[in-house]
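# Residue-level structure breakdown
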Amino acid sequence: MGEPFIRLDGVRKTYRTRGEEFLAISEASFDVEAGELVSLVGPSGCGKTTLLKILAGLHPHDSGTVMIGTPSEPFNPARDIGMVFQQPLLLKWRRIIDNVLLPAEILGLPPAESRARARDLLALVGLGGAEDKYPYELSGGMQQRAAIARALIHDPKLILMDEPFGALDALTREKMNLELLRIWAQAKKTIIFVTHGITEAVFLGTRVIVLTAGPARMADHFPVALPHPRTLDMKTHERFGEYARRIYRLLGME
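I will try to describe carefully the structure that is included in this document. Remember, it's a predicted structure, so these values are computed and weren't measured experimentally. (Residues numbered from 1 in each chain as written. Predicted model: local features only at pLDDT ≥ 70, side-chain atom pairs only at ≥ 80, totals over all residues. Heavy atoms only, no water.)

## Observations regarding unusual backbone geometry
A cis amide bond links His228 to the next residue, Pro229, at an omega of 0°. Within the element layout of this structure, Pro229 appears in the loop between β9 (217-223) and α9 (238-250). Positive phi, normally seen in glycine, also occurs at Glu27, with a value near 55°. With respect to the helices, strands and loops of the structure, Glu27 is situated in strand β2 (residues 20-32). Despite not being glycine, Leu89 shows a phi value in the positive range, around 55°. Taking relative accessible area as the criterion, Leu89 reaches 52% and is therefore assigned exposed. (Helix = DSSP H or I, 4+ residues; strand = E, 2+ residues; numbered from the N terminus. Buried < 20%, exposed > 50% of the residue type's maximum accessible area, 1.4 Å probe, protein only.)

## Quick notes on helix α7 (residues 170-187)
Relative to the 26 Å expected for 18 residues at 1.5 Å per residue, α7 spans 25 Å between its end C-alpha atoms, a close match to the ideal helical length. Of the positions making up α7, those classed as buried are Arg173, Met176, Asn177, Glu179, Leu180, Leu181, Ile183 and Trp184. Where α7 is buried, its residues touch β3 (37-41), α5 (111-124), α6 (140-152), β6 (158-162), β7 (190-195) and α8 (198-204). You can read the cap of α7 off the contacts: a side-chain oxygen lies 3.2 Å from the backbone nitrogen of Leu171, and it is on Asp169. Just past α7, the residue Lys188 takes up positive phi, approximately 55°. (Expected span 1.5 Å × (residues − 1). Contact = heavy atoms within 4.5 Å. Polar contact = N/O pair within 3.5 Å; in protein donor to acceptor, adjacent residues only side chain to side chain.)

## Quick notes on the pattern of salt bridges
The tally for this structure, following the rule as stated, stands at 15 salt bridges. Arg207 is the partner of Glu36 in a salt bridge, and the nearest nitrogen-oxygen pair spans 3.3 Å. One end of the pair, Glu36, is in the loop between β2 and β3; the other, Arg207, is in strand β8 (residues 207-212), and 171 residues separate them in sequence. Relative accessible area serves as the criterion here: at 17%, Arg207 is assigned to the buried category. (Salt bridge = Lys/Arg side-chain N within 4 Å of Asp/Glu carboxyl O.)

## Focus: α6
Its 13 residues place the ends of α6 19 Å apart at the C-alpha level, agreeing with the 18 Å of an ideal helix rising 1.5 Å per residue. The buried fraction of α6 amounts to 11 of the 13 residues, a majority that puts the element mostly inside the structure. Turning to α6, its buried residues are Gly141, Gln143, Gln144, Arg145, Ala146, Ala147, Ile148, Ala149, Arg150, Ala151 and Leu152.

Okay, here's the thing in structure tokens:
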């Protein structure tokens, strides 16, 4: 096995406000291989989003090392990261295809090629035929699919997803989990997926990283040896339950 695509070693992050210190991340260490879909799970306020922002280069870390990419393939955060947030954040005055094209426009990518890629990506996420609609004409799940297409438009090496399905109803969320796995299998991207849903973390992840609160610390990281393609009935399997119970124990819920 070669060098990991992402390596964190002893990463620590403290916020300082009004003369007080708040420990957001304590000694996070883990590797991610290229092409993995890694779930980052923990309670609200445990540092999941902070860790995602450190990976994105939006927040500095106080100590430890963060390495992304390999010597043969250097990593440029401005070019090689796609972001998906809890809300789709689509511009309401732009058609769906023009929302998807926004990162390509900012990066100055060739317009004709980018537009063709946008159409292909919208077909990939199940929005073929919705290119000329406006965001208000789409459901919440459809808008989030458009946001995923937007994150892929510039062909990034890494996709960071911050509780992207947290605002959806339970049934739509289950459907989007299946859709994400399908898109990941076809797009072959490395994905870090932040969630506070324990079963969602197990269902999606090739690996799960568990953060606990009070004080924030990385409690565990482990591979999920469930076969692909994954199906919803796997959630009833004993092995799935073992992984979920492992996380519950780490979070003091058992």
